[in-house]
Amino acid sequence: MRAILNVATALVALVPFGITGCGSSKPQPAANIESQPTAPQQQDSGAKRYHLEGTVVSIDRQQKRVTVDGKDIPGFMAAMTMPYPVADDETLHRVKPGDQITADIVAAGSEYHLDNVVVVKPGEGK
Ligand SMILES: [Cu+2]
C-alpha cells in the first residue's frame, strides 16, 4: 500500500515537468542553419521521426495541439504527458480524449509535430 502511494506521489511530482514539455535537452540555435548554405530549403530536411504510443488526454483545436500521455520514446524523451502540435484539422477532429493512438513525431531541431496519427483503440468517452 505504501509503495503504491509513493508511486502516485512521484507521478504527481512529475506533472509540472510534463506540462513544460521536453525539448530542453538539446537547444539548437537557428544560426546553425546559416552555416550550411548548400542545404536545400526542404521542410523535412534533417527531420527525424520517432514512434509515439500513448493515450490522448485532451485536444485543443484552436491551438492545434493534442496532449498525449505518451510512453517512453528511446532517444527522444521519457514517458510523459505533453502537448504536441498537430498540423492537420482532420486529425484534430478525429481523435478524442481517451483514445489510444500511435503517431510519428517529426522532429527538426527544437521544432516537432505529430504526423500519421492512428487511433489504435477508441476511448470510452465521445
Ligand atoms: Cu516531452
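What you are looking at is a predicted structure, and each value in this text was computed from that prediction instead of being measured.

> Describe the side chain of D104, listing the residues and the values that go with them.
Here D104 lies in strand β4 (residues 100-108). Here N116 takes part through its side chain, which lies 2.8 Å from a polar atom of the side chain of D104. Those residues in contact with D104 that lie beyond four places of it in its chain are R49, Y50, H51, H113, L114, D115 and N116.

> Kindly report on unusual backbone geometry, identifying the contributing residues and their values.
For K64, which is not glycine, the phi dihedral falls at a positive 55°. Note on placement: K64 falls in the loop between β1 (48-60) and β2 (65-70). Classification of K64 by relative accessible area gives partly exposed; the value is 31%.

> Any details on the nonpolar core? Residues and values, ideally.
Counting residues in each nonpolar core, the largest one holds 19 residues, and the members touching the most others are Y84, I105 and L114. Going through the elements one at a time, β1, β2, β3 (80-85), β4 and β5 (111-121) are the ones with two or more residues in this core. Of the residues forming this core, the biggest block, four residues, is contributed by β4. Discounting chain neighbours no more than four positions away, the residues touching Y84 are L52, K64, R65, V66, V68, I73, M77, I105, Y112 and L114.

> Give me the side chain of D99: which residues, what numbers.
Turning to its location among the elements, D99 is positioned in the loop between α3 (89-94) and β4. Although D99 is buried, it forms no salt bridge, and the closest oppositely charged side chain is K96 at an N-O distance of 5.9 Å. Of note is the side chain of D99, whose polar atom sits 2.6 Å from the backbone nitrogen of G123. With sequence-adjacent residues up to four places away left out, D99 is seen in contact with G54, T55, V56, R94, V119, K121, P122 and G123.

> Lay out the pattern of salt bridges with the relevant residues and their values.
Counted by the stated rule, this structure contains five salt bridges. Between E53 and K71 there is a salt bridge; the shortest N-O distance is 3.4 Å. Of this pair, E53 sits in strand β1 while K71 sits in the loop between β2 and β3; the two residues are 18 residues apart in sequence, bridging distant segments of the chain. Classification of E53 by relative accessible area gives partly exposed; the value is 34%.

> Please set out the pairing of β3 residue by residue, giving values where relevant.
The alternating pattern of β3 places M80, M82 and Y84 on a buried face and T81, P83 and P85 on a face that is not buried. Bridge count for β2 against β3 is six bridges, and the pairing is antiparallel. For G70, the partnering residue across the bridge sits in β3 and is M80.

About the cut-offs
Residues numbered from 1 in each chain as written. Predicted model: local features only at pLDDT ≥ 70, side-chain atom pairs only at ≥ 80, totals over all residues. Heavy atoms only, no water. Helix = DSSP H or I, 4+ residues; strand = E, 2+ residues; numbered from the N terminus. Polar contact = N/O pair within 3.5 Å; in protein donor to acceptor, adjacent residues only side chain to side chain. Contact = heavy atoms within 4.5 Å. Buried < 20%, exposed > 50% of the residue type's maximum accessible area, 1.4 Å probe, protein only. Core = buried A, V, L, I, M, F, W, Y, C linked by side-chain atoms within 4.5 Å. Lys, Arg positive; Asp, Glu negative; His and termini not counted. Salt bridge = Lys/Arg side-chain N within 4 Å of Asp/Glu carboxyl O. Pairing = 2+ DSSP bridges.

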